[in-house]
Amino acid sequence: IVYKDSTAIYEEVVASAVALKQQALSVLVASSTDAPQATGLAVVNTSSWARTEVIAVSGLAQQAGSVQQMSKRSDVALVLATVPGCSVHAVDLSAQAAAVEQVAPVRVIREEDGSVVLQNAFVAARISADGRLTSLLDLQQQRELVPSGAQSNVLELYDDLPIYWDAWDIEIYSQEKVRPVEGASITVVDEGPLVASVAVEAKVGKASSIRQWISLSASSARLDFDCDVDWHENRKCLKVAFTWDIYSDQATYETQFGVVQRPTHRNTSWDMAKFEVCAHKFADLSEYGYGVALLNDCKYGYATLANTMTLTLLRSPKAPDANCDMGQHSFRYAVYPHTGMFNESDVVREAYHFNVALSHLPVDLGVTNLAALSSFFALDNAPNVVLDSVKAAEDDSRDVVVRLYETYGGHARATLSTLLNVGAAYTTNILEEKEADLELKQAVAPSQGQS
């Protein structure tokens with residue numbers, strides 16, 4: 001019943017958001033062109049960090065030197081883009097061959113036992129013939145992350161029968177009745193140089209199925225899992241489990257503007273009650289010197305017991321809606337290994353980049369000048385400070401509100417630079433009421449902005 005209303009509402013919200021985004025892109029880049037005639041891309045990075053990523057672009061003409069790889073999964077061009085933070089940056093398609101030569105290509109290695117290895121300059125990931133992650137080797141640290149004899153990316157189907165409130169409760173005793181999803185098959189899809197991927201297909205439960213694309217790009221140590229699920233189960237819960245050669249008595253979970261830590265054991269009844277943890281973009285398991293983060297783009301139920309992390313993917317309650325969550329689902333998750341403990345890592349940045357994709361428009365570089373659109377905002381001197389959002393003030397004053405937060409639980413003194421013409425700067429509370437003036441320094445050339 002609820003879904004009939006919510007589906008229509010969400011479709012309207014998504015359509016409005018897409019239209020607003022396209023309108024904003026058109027204002028920033030007024031001289032866009034049709035993709036087949038494009039000589040470049042105007043790439044928009046809304047995060048405050050510079051990033052180098054592979055982006056998928058539809059409709060590009062495969063001219064000499066422009067497109068170095070076409071994705072076999074979706075028949076789109078793959079383009080390598082390096083973009084400063086908070087900026088619109090031009091990517092010259094004619095220079096793609098030279099740009100790709102600057103990064104070590106990702107490649108596919110087929111093993112005799114039917115497993116497939118995806119390898120770039122950072123990691124080598126072995127996918128077994130049934131879609132399990134049996135090895136994840138950090139090539140730069142020469143560290144194996146999957147313990148000997150263990151497996152990760154294990155899809156698990158649980159009985160999900162709460163005592164009350166089907167759609168709200170999840171009970172610890174459900175973990176006693178679980179079986180792994182068996183009988184998966186894999187197919188190599190993309191073989192580099194920018195992206196390598198395999199497709200995993202499996203039947204789930206009595207009436208459901210999953211198709212999963214496991215991919216590794218040339219630009220990152222992050223291993224991505226894109227999932228399409230046709231879901232028709234009855235009081236079952238689908239999770240994915242990752243077992244790591246990492247041990248800690250606490251795991252870290254992202255919440256709004258910060259993190260919380262929860263035990264990885266069940267020594268007391270209080271610890272046991274924390275068997276499922278709600279989180280935003282990631283959970284992280286770190287020991288001294290090293291860790292692994294499990295990222296997601298729309299799934300928020302995590303658990304960590306000893307050295308095994310799980311992410312809840314789908315449920316199938318039958319009350320109050322007998323058809324709750326039935327049908328097609330698309331979602332993504334990823335694993336990201338890193339040196340250092342969580343508060344020494346770049347997990348927060350990687351989680352933002354996993355959730356906030358680069359946007360792009362095709363342009364003719366002969367008539368488009370994007371030099372004035374570089375680095376609207378920049379943060380310096382504080383790697384633990386995140387520029388989370390930029391918005392118009394609610395009082396219609398044409399003021400701009402920039403929301404920053406410290407993410408690791410420490411102190412910081414950050415410098416915020418901007419191209420905007422700033423007359424005054426001050427901190428506010430959540431109601432946008434003025435609290436304290438901030439030091440404002442004029443740049444050498446006013447046309448270059450203030451900080």
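Computed from a predicted structure; not experimentally measured.

Novice: Teacher, can you tell me more about the layout of surface pockets here?
Specialist: Over the atoms rolls a probe the size of a water molecule, and its path tells where empty space is left. Here the largest pocket defines a volume of roughly 1500 Å³. What lines the largest pocket is a set of 40 residues, and nearest its centre among them are L404, L416, A425, Y426 and L438. Size it by volume and the second largest pocket reaches roughly 1200 Å³.

Novice: Whenever I open this one, a nonpolar patch on the surface confuses me. Can you help?
Specialist: A cluster of nonpolar residues, I163, Y164, W165, W168 and Y173, forms a patch on the protein surface that exposes about 690 Å² of accessible area. A relative accessible area of 59% means that W165 is categorised as exposed.

Novice: Would you mind showing me how to read the side chain of S286 here?
Specialist: Along the chain, S286 turns up in strand β21 (residues 282-287). Polar contacts involving the side chain of S286 include one to the side chain of D284, which spans 2.4 Å. At 3.4 Å, the side chain of S286 forms a polar contact with the backbone nitrogen of F342.

Novice: What exactly am I supposed to notice about the confidence of the model for the chain here?
Specialist: It should be kept in mind that the predicted coordinates are not to be read in detail where pLDDT is low. Taken over all residues, the pLDDT of the chain has a mean of 91, while the share at 70 or more is 96%. In the predicted structure, residues 444-451 sits below a pLDDT of 50 and forms 20 contacts with residues beyond four places in sequence or in another chain.

Novice: Please clarify how the pattern of salt bridges should be interpreted in this entry.
Specialist: Between side chains of opposite charge, a pair can form when the charged atoms approach closely. In this structure the tally under the stated criterion is 22 salt bridges. Of the charged contacts, one joins E432 and K391 as a salt bridge, the two residues approaching to 2.6 Å between their closest N and O atoms. Taken together, the residues span a long stretch of sequence, with E432 in the loop between β31 (426-428) and β32 (434-437) and K391 in strand β28 (residues 385-392) at a distance of 41 residues. The partly exposed category is assigned to E432, whose relative accessible area is 24%. Where salt bridges share partners, they join R73, R222, D224, D226, R332 and E350 into one cluster.

Conventions and cut-offs
Residues numbered from 1 in each chain as written. Predicted model: local features only at pLDDT ≥ 70, side-chain atom pairs only at ≥ 80, totals over all residues. Heavy atoms only, no water. 1 Å grid on protein atoms, 1.4 Å probe; cavity = no way out; pocket = protein on both sides within 12 Å on 5 of 7 lines; lining within 4 Å. Points joined across faces, edges and corners; volume = space filled by probe spheres on them. Patch = residues over 30% accessible without salt bridge, like charges linked within 9 Å, V, L, I, M, F, W, Y side chains within 5 Å. Areas by Shrake-Rupley, 256 points an atom, 1.4 Å probe, with all protein chains shown as cover. Salt bridge = Lys/Arg side-chain N within 4 Å of Asp/Glu carboxyl O. Buried < 20%, exposed > 50% of the residue type's maximum accessible area, 1.4 Å probe, protein only. Helix = DSSP H or I, 4+ residues; strand = E, 2+ residues; numbered from the N terminus. Polar contact = N/O pair within 3.5 Å; in protein donor to acceptor, adjacent residues only side chain to side chain. pLDDT = per-residue confidence, 0-100. Contact = heavy atoms within 4.5 Å.

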